[in-house]
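# Analysis of the macromolecular model
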Amino acid sequence: MKALLTVDSVLKNINQPLGEEDFLEPLELLLSDLKNEASLNTFGSIGIRQNIINKLQERAKLYALVNQESLPPPSMPLVITGLPRSGTTFLLDLLHCDSGHRGPLTWEIFHPLPLATTKRQTKARIRRTNFDLRMIKTAVPDFEIMHPLHAEHPEECQLITTFDLRSINYAYMARVPNYENYIKTCNFSSAMLWHSRFLRALEKNNKPDTWLLKDPWHIQHIPEFLSTYPKACFVFIHRNPTEVIPSISSLSAHLRFGFSKHVDKNEIGLNSVSFWSHAMEKCLMDRAQIPENQRFDIHFADLVSDPMRQVRQMYSHFGLELTEENKDNMHHFLTEAAANKTPSHKYTLEEFGLTEKQVREGFKEYTTQFDL
């Protein structure tokens, strides 16, 4: 099985050019860690390897498309970000009720190319994605509680940057310490190039007024994001890290239990503090590069207590129109969400060998600046 986790064994499954060689360094690090550090079970070895192959095959198709056609720049993105587990998914789903926004849907990310141009093709892609999601839920039964995945809902950008093999997604799924250290500090310009290519490809079917994007990890790559999308608007959600860190640690632990023979919760906890405190430090330095009229801050507690007030203020700040129809759509979403609450996701700091003091120390500047 370990012989299958090599660069040569993966690349022999790709029969088209992959474009720039930016993916080779992270691919080699990732496969080496999966083989030597991750302690994968049989399902994990097969599943993660196939995931990587699938992403590279889609990259090859995307590269062929952008070489064949001159695609215009994508529409302006509205980006939801902040520490993970801060309500970013909730806000993404709420704003997606606005018909002027378009978020990349899960099925479009899982099976994007060739582009689906008919209802029949779209339904087939959705069926394939639902099968993929059932496999994930079988391996990680509690994942639906922590992060519901739906084929026809928008998903976050970390699944798009997998086209360039730069994604925190793999560090959630398995113990990959060298790869995790690499993505913690590497430049993300190439990942954003492929991100832009992906959106440009999707726009051949439907160009929106605004792309609705979401990923906590964008806090670490503001310069690269702005270089790719200079007019992007950023919504930052702020939540106390003592609530964020055990939640993201729990999500990672549950994922790893599905793919690995052994999971060290204390190591996951320490790595979560290290990774995300570093990301937030970089965010605090780079935020000033975003013009004030292109950034908006929300406290998690305010989002929970009165989400529509935050939406109205955000639209006003960015000069966006909130029509009565879209307002009604959002109210309907909130009513449905309240009526269909999922079981709560339970976690503690102690479960991951952490203390509140330890976490607050790691995020001291952030909690002070935003009064958390």
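Scroll up a little and you will see the structure.
Residues numbered from 1 in each chain as written. Predicted model: local features only at pLDDT ≥ 70, side-chain atom pairs only at ≥ 80, totals over all residues. Heavy atoms only, no water.

## Quick notes on the overall build of the chain
A tally of regular secondary structure across the chain gives 18 helices and 5 strands. In the chain, which comprises 372 residues, the proportion classed as buried is 55%. Nonlocal contacts in the chain, meaning residues at least 24 apart in sequence, comprise 80% of its contacts between residues at least 6 apart. Accessible surface, the chain: about 16400 Å² in total, of which carbon and sulfur atoms supply 50%. For the chain, the centre of its 41 positive side-chain charges and the centre of its 45 negative side-chain charges are spaced 5 Å apart. (Helix = DSSP H or I, 4+ residues; strand = E, 2+ residues; numbered from the N terminus. Buried < 20%, exposed > 50% of the residue type's maximum accessible area, 1.4 Å probe, protein only. Contact = heavy atoms within 4.5 Å. Areas by Shrake-Rupley, 256 points an atom, 1.4 Å probe, with all protein chains shown as cover. Lys, Arg positive; Asp, Glu negative; His and termini not counted. Charge placed at Lys NZ, Arg CZ, Asp CG, Glu CD.)

## Considering the pairing of strand β3 (residues 210–214)
Of all 5 residues that make up β3, 5 are buried, and the element is covered over most of its length. Of the two faces of β3, the one lined by T210, L212 and K214 and the one lined by W211 and L213 are each fully buried. For strand β1 (residues 77–82) and β3, the ladder comprises 4 bridges, and the chain directions are parallel. If you follow V79 over to β3, its bridge partner there is L213. (Pairing = 2+ DSSP bridges.)

## Some details on the nonpolar core
In a soluble, globular protein the nonpolar side chains are often hidden away together inside. Ranked by size, the top nonpolar core spans 96 residues in total, and within it L34, I48, I52, L56 and W276 carry the most contacts. Other than its neighbours up to four places away in sequence, L56 contacts V10, L11, I14, L18, F23, L27 and L165. Within the second largest apolar cluster, 22 residues are counted, among which are L78, L94, V235 and V311. (Core = buried A, V, L, I, M, F, W, Y, C linked by side-chain atoms within 4.5 Å.)

## Points about helix α2 (residues 24–36)
Between its first and last C-alpha atoms α2 spans 18 Å; for 13 residues at 1.5 Å apiece the expected length is 18 Å, and the two agree. Among the residues of α2, P26, L27, L30, L31, D33 and L34 are the ones counted as buried. On an axial view of α2, the arc spanned by its buried residues comes to 160°, and they lie on one face. (Expected span 1.5 Å × (residues − 1). Arc of directions from axis to C-beta.)

## As for the sheet that holds strand β2 (residues 101–102)
Strand order in the open sheet made by the 5 strands is β2-β3-β1-β4-β5, with parallel pairing throughout. The open sheet is flanked by β2 and β5 (295–299), the only strands paired with a single partner. With respect to the sheet, helix α15 (residues 307–318) is in contact with β1, β2, β4 (233–238) and β5, its orientation differing from that of β5 by roughly 165°. (Axes fitted to C-alpha atoms, helices over the stretch in contact; angles between N-to-C directions.)

## Quick notes on the state of the cysteines
Here the structure, examined in full by the defined rule, presents 0 disulfides. Not engaged in a disulfide, the cysteine C97 finds its nearest cysteine sulfur in C157; these two sulfurs lie 19 Å apart. Of the cysteine sulfurs around C233, a residue in no disulfide, the closest is that of C157, at 15 Å. (Disulfide = S-S within 2.5 Å.)

## A short note on empty space enclosed by the protein
Rolled over the atoms, a probe with the dimensions of a water molecule shows which regions are left empty. Applying the stated rule across the entire model yields 3 cavities of 30 Å³ or more. In this model, the largest cavity occupies a volume close to 110 Å³. Taken together, I168, A171, Y172, E180, I248, S252, R256, I268, N271, S272, F275 and W276 form the lining of the largest cavity. Elements with a minimum of two residues in the lining of the largest cavity: α8 (168–173), α12 (241–259) and α13 (265–286). With 5 residues, α13 is the largest single contributor of residues to the lining of the largest cavity. (1 Å grid on protein atoms, 1.4 Å probe; cavity = no way out; pocket = protein on both sides within 12 Å on 5 of 7 lines; lining within 4 Å. Points joined across faces, edges and corners; volume = space filled by probe spheres on them.)

## Observations concerning the packing of aromatic side chains
As enumerated under the stated definition, the model contains 13 aromatic pairs in all. Measuring from centroid to centroid gives 4.7 Å for F188 and W217, while their planes differ by 75°, and the two rings are edge-to-face. Pair noted here: F188 is in the loop between α9 (177–185) and α10 (189–202) and W217 is in the loop between β3 and α11 (222–228), with a separation of 29 residues, a long-range link. For the pair shown, F188 and W217 are each scored as buried. One aromatic cluster in this structure is built from F188, W217, F275 and W276. Stacked on the ring of F300, the Lys or Arg R239 has its end atom at 4.1 Å from the ring centre. (Phe/Tyr/Trp six-rings, centres within 6.5 Å; stacked < 30°, edge-to-face > 60°. Lys NZ or Arg CZ within 6 Å of the ring centre and 35° of its normal.)

## Description of helix α16 (residues 324–339)
For an α-helix, the turn length of 3.6 residues means that residues three or four places apart are oriented alike. End to end, α16 covers 23 Å across 16 residues, agreeing with the expected 22 Å (1.5 Å per residue, within 8%). Considered for burial, the residues of α16 that qualify are N326, M330 and L334. Looking straight down α16, one finds that the buried residues subtend no more than 85° of arc, so they occupy a single side. Those residues of α16 that are exposed and angled more than 90 degrees off the buried face are E324, E325, H332, T335 and A339. In this structure, the buried residues of α16 make contact with α4 (88–95) and α15.

## A few points about the packing of α2 against helix α3 (residues 42–68)
Helix packing geometry: the angle between the two helix axes and the distance between the axes. Interaxial distance between α2 and α3 falls to 11 Å at its minimum, and their mutual angle equals 165°. With respect to α3, the element α2 is oriented roughly antiparallel. Of the two elements, α2 crosses α3, and the hand of that crossing is left-handed. Mapping the contact onto sequence places L27, L30, L31 and L34 in α2 and I48, I52 and L56 in α3. Here the residues of the contact of α2 with α3 are counted per class, giving 7 nonpolar, no polar and no charged. (Parallel < 35°, antiparallel > 145°, perpendicular 65-115°, else oblique. Left-handed = near helix turned anticlockwise from the far one by under 90°. Nonpolar A, V, L, I, M, F, W, Y, C, P; charged D, E, K, R; others polar.)

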